[in-house]
Amino acid sequence: MTTEETLRGDLAQRTLPNLDCTSASAFARDLRTGEVLVAYESDVPKLPASNAKLVTAARSFAELGPEYRFETDLYVDGSVEENHLHGDLVLIGSGAPDFSRADLIALAEEVAAAGIETVVGSIVIDASAFDEQSLGPGWTWDDGQFDYGAKSTPLSLNRNTVDVTIAHRNGSVQVNASPTSSIVRLDVSVDVDPESEASLSVYKRRASEVIRVEGQVPPDESVEMSSPVDDPMLHAGRVFAKTLEAHGVSIDGWTQVEDDPVPVDGVPAATVESAPVADLVEEMLCRSDNFVAEQLARTVALEREGEGTWDEWEAHATTFLEARGAEAVRFRDGSGLSRYNQLSASSGRSSSPGVTGSTRRFPSRESKELSRPVSMTFPPPFGRRRGR
């Protein structure tokens, strides 16, 4: 072994001391000199886990642009006579990852300002931007039970989760979910234990609207956790109906979700925009946010390939990487949660120019930069026309 190889090996052992007992692929290069600092099985494809988000970031910057904003449109589909809308309110989702209760309030305010007091029809959600699959290929059966595996849908609310607050107040345990709707049900088994710290589990039961809350909480303490919802778009529609009612607008019909495009005329009655992609990518990388990653990946597929599917995303990401010399790559989702993904550390470098080309500083995080990372792999942590 040469002196140079020995030095590289010593550096690898100092920075990554457990490589010899870890399934890993590692590569590091000095950005100033081009010198390879670490190369450990760098050409062997491994499960990339959240390193996949680097590819998602690169393609989001390249295909959408850092200033791109998602738009969620509201159409008044029908005639308005004497404060009655004889028709439907149509919400068209485009995959905005940060669509929130504040956005629903803004839309409800516009409806009320238009003088509408009663909607004789329904709230109709156009879900045609993405296909019907809402859990990523290669996700395990239990991923969807926890907030990190929330479903990916064209219209989402609060990242398709609810915030669950568990508190001991006035001698009893109180558990609340927000934003809540009639399809969110809580199953609570929480004890008060003055001798220990809070130890709680919050998860959605499989194929169920029921959110299980269990464990223990100390007296007079409050803990906030989150859980995915089972039918996110129906939930968002129900919350919108409650928000409209709070603004003096009643809904006679139901909430309906349409997989095919809903025909509408004219221009939207109201539109809300997301944060720019640059901010969404920052959040995705700093928090390793799976939900934002999947919304971005499927939107790249939609804008570039015409279909917001994981199959189109895989084809797009694979073509991008292979064109830059990557070999034996497979990207089935945008977050890295899929167990089908394959990437080596040396192939991971193929995404770096797309990220560094849109480098921005994060002042709130002491000026961390998006740059070429050491790519390692670690095991990840432990459909429909619908109306009710």
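For the structure, check the block above.
Parameters and conventions
Residues numbered from 1 in each chain as written. Predicted model: local features only at pLDDT ≥ 70, side-chain atom pairs only at ≥ 80, totals over all residues. Heavy atoms only, no water. Helix = DSSP H or I, 4+ residues; strand = E, 2+ residues; numbered from the N terminus. Buried < 20%, exposed > 50% of the residue type's maximum accessible area, 1.4 Å probe, protein only. Areas by Shrake-Rupley, 256 points an atom, 1.4 Å probe, with all protein chains shown as cover. Pairing = 2+ DSSP bridges. Axes fitted to C-alpha atoms, helices over the stretch in contact; angles between N-to-C directions. Core = buried A, V, L, I, M, F, W, Y, C linked by side-chain atoms within 4.5 Å. Contact = heavy atoms within 4.5 Å. Lys, Arg positive; Asp, Glu negative; His and termini not counted. Salt bridge = Lys/Arg side-chain N within 4 Å of Asp/Glu carboxyl O. Polar contact = N/O pair within 3.5 Å; in protein donor to acceptor, adjacent residues only side chain to side chain.

Broken down by element type, the chain carries nine helices and 18 strands. Burial status across the chain gives 50% buried among its 388 residues. About 17800 Å² of surface is accessible on the chain, with carbon and sulfur atoms providing 45% of the total.

Our next topic: the sheet that holds strand S9 (residues 185-192). With respect to topology, three strands assemble into an open sheet ordered S9-S11-S10, the strand pairing being mixed. Two strands bound the open sheet, and with one partner strand each, they are S9 and strand S10 (199-204). Between one strand and the next, the sheet's axes are offset by a mean angle of 5 degrees, whatever the strand orientation. In this structure, S9 lies alongside strand S11 (residues 210-217), joined through eight bridges in parallel fashion. Looking across to S11, one finds that serine 189 is bridged to glutamate 214.

On to the pairing of strand S14 (residues 255-258), then. Residues Thr255 and Val257 line one face of S14 and the alternating positions Gln256 and Glu258 line the opposite face, and both faces are buried. As paired strands, strand S6 (residues 123-126) and S14 are joined by four bridges and run parallel to one another. Its bridge partner being in S14, isoleucine 123 is matched across the sheet by threonine 255.

Right, let's get into the nonpolar core. The biggest cluster of nonpolar side chains holds 54 residues, and the ones touching the most others in it are Leu89, Phe240 and Leu244. Aside from chain neighbours lying at most four places away, what touches phenylalanine 240 is Leu74, Leu89, Leu91, Leu104, Leu107, Ala108 and Ile123.

All right, on to the environment of histidine 84 then. Of note, histidine 84 is situated in strand S4 (residues 84-92). On the basis of relative accessible area, histidine 84 is assigned to the partly exposed category, the value being 31%. Between the alpha carbons of histidine 84 and valine 120 there is a distance of 6.8 Å; along the sequence they are 36 residues apart. Not counting residues within four places of it along the chain, the set of residues in contact with histidine 84 comprises Ser79, Thr118 and Val120.

The next point concerns the sheet that holds strand S8 (residues 172-178). One open sheet holds the three strands; their spatial order is S8-S7-S12, and the pairing between them is antiparallel. Because the sheet does not close on itself, it has two edges, and the strands there are S8 and strand S12 (222-228). Between one strand and the next, the sheet's axes are offset by a mean angle of 20 degrees, whatever the strand orientation. Here seven bridges tie strand S7 (residues 161-169) to S12, and the two strands are oriented antiparallel to one another. In the sheet register, valine 162 faces S12, and the bridge partner there is serine 227.

What follows is about the side chain of glutamate 294. Following the sequence through the fold, glutamate 294 ends up in helix H6 (residues 290-305). This buried residue, glutamate 294, is left without a salt bridge; arginine 298 holds the nearest opposite charge, at 6.6 Å. Reaching out from glutamate 294, the side chain makes a polar contact with the side chain of serine 335 at a distance of 2.6 Å. Excluding anything up to four places from it in sequence, glutamate 294 contacts Trp139, Ser152, Trp310, Asp333, Gly334 and Ser335.

Any functional reading would require information beyond the geometric quantities listed.
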